[in-house]
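So you can see what is in the structure, the chains are spelled out below.
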Amino acid sequence: MAPAAPSAKPVVLLWRLEGERLLAPSAAPVRAWPVGSLVKPFIVEAWARAHPAETPARMVCGPESRCWLAGGHGPVDLPRAMALSCNAYFLRLASEVPLHLLKRVLEEDGFIVPPEIDAQSVLGLDAAVDVPVIEPRSLLKAYVRLGREPWLSGESLRKDV
């Protein structure tokens, strides 16, 4: 699903949470959209389920890593990768999760996942393939859940996220 063409005039929409109710302006989009890097915390959750009681390895993101930062970020662990939104790090995490589990974690939080996915398509790094999409309201609910509900596996990683 291709994203909509950018408009000439940017529009800012404010969503807010009041208690358990999500309030959106009437102009808020309701269709599902690709979210790019906003999927990264859910990749961490899937990795934690696949690797209980483990900590993701550190890695070096260099020029050969094909990260968004051409020269790479250097040594990264999970907190640093989150702070820098290091594509190479999250591509590695996603590749270490069985695809059926990665798909299930995303779908549990409201993502619409194409039948055929791989680590690159989950991150939206290959424009030629379908990527997971999510409605803005579902994405906000998923982030609220991430902030409030402990993970059964990898709770310390949730706190890093």
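Along each chain, numbering runs from 1 in the same order as the chain's sequence is written. Owing to the predicted nature of the model, reporting of local features is limited to residues with pLDDT of at least 70; listing and counting of side-chain atom pairs is limited to 80 or more, with chain, interface and lining totals taken over all residues. Just so you know, side-chain values use all the structure's heavy atoms and leave hydrogens and water out.

A separate point is the pattern of salt bridges. Pairs may arise between side chains of opposite charge once their charged atoms sit close together. For this analysis, a salt bridge means a side-chain nitrogen from Lys or Arg found within 4 Å of a carboxyl oxygen belonging to Asp or Glu. Inspection of every chain in the model, using the stated rule, returns 8 salt bridges. A salt bridge links R145 to E45; the nearest nitrogen and oxygen atoms lie 2.7 Å apart. With a gap of 100 residues between them, R145 in helix α6 (residues 136-148) and E45 in helix α1 (residues 40-50) connect regions that are remote in the sequence. Residue D77 pairs with R58 through a salt bridge whose shortest N-O separation is 3.6 Å. You can see D77 sitting in the loop between β4 (74-76) and α2 (78-84) and its partner R58 sitting in the loop between α1 and β3 (59-61), a full 19 residues away along the chain. With a relative accessible area of 52%, R58 lands in the exposed category. Strands are runs of DSSP state E lasting at least 2 residues, helices are runs of H or I lasting at least 4, and numbering of each runs from the N terminus. Three exposure classes are used, based on accessible area relative to the maximum for each residue type with a 1.4 Å probe and protein chains only: buried under 20%, partly exposed in between, and exposed over 50%.

Take the packing of α1 against helix α3 (residues 87-95) next. In contact at an axis separation of 9 Å, α1 and α3 are set at 35° when each is read in the N-to-C sense. Helix-helix and strand crossings are classified by hand; for α1 and α3 the assignment is left-handed. Every residue of α3 that contacts α1 at K40, I43, V44 and W47 is listed here: N87, F90, L93 and A94. Axes here mean lines fitted to C-alpha atoms, for a helix over just the part in contact, with angles spanning 0 to 180 degrees between N-to-C directions. Put simply, a crossing is left-handed when the front helix is turned counterclockwise from the back one by less than a right angle, and right-handed when it is turned clockwise. In this analysis, two residues are considered to be in contact whenever any of their non-hydrogen atoms come within 4.5 Å of each other.

Everything listed here is a matter of coordinates, which is why it stays silent on function.
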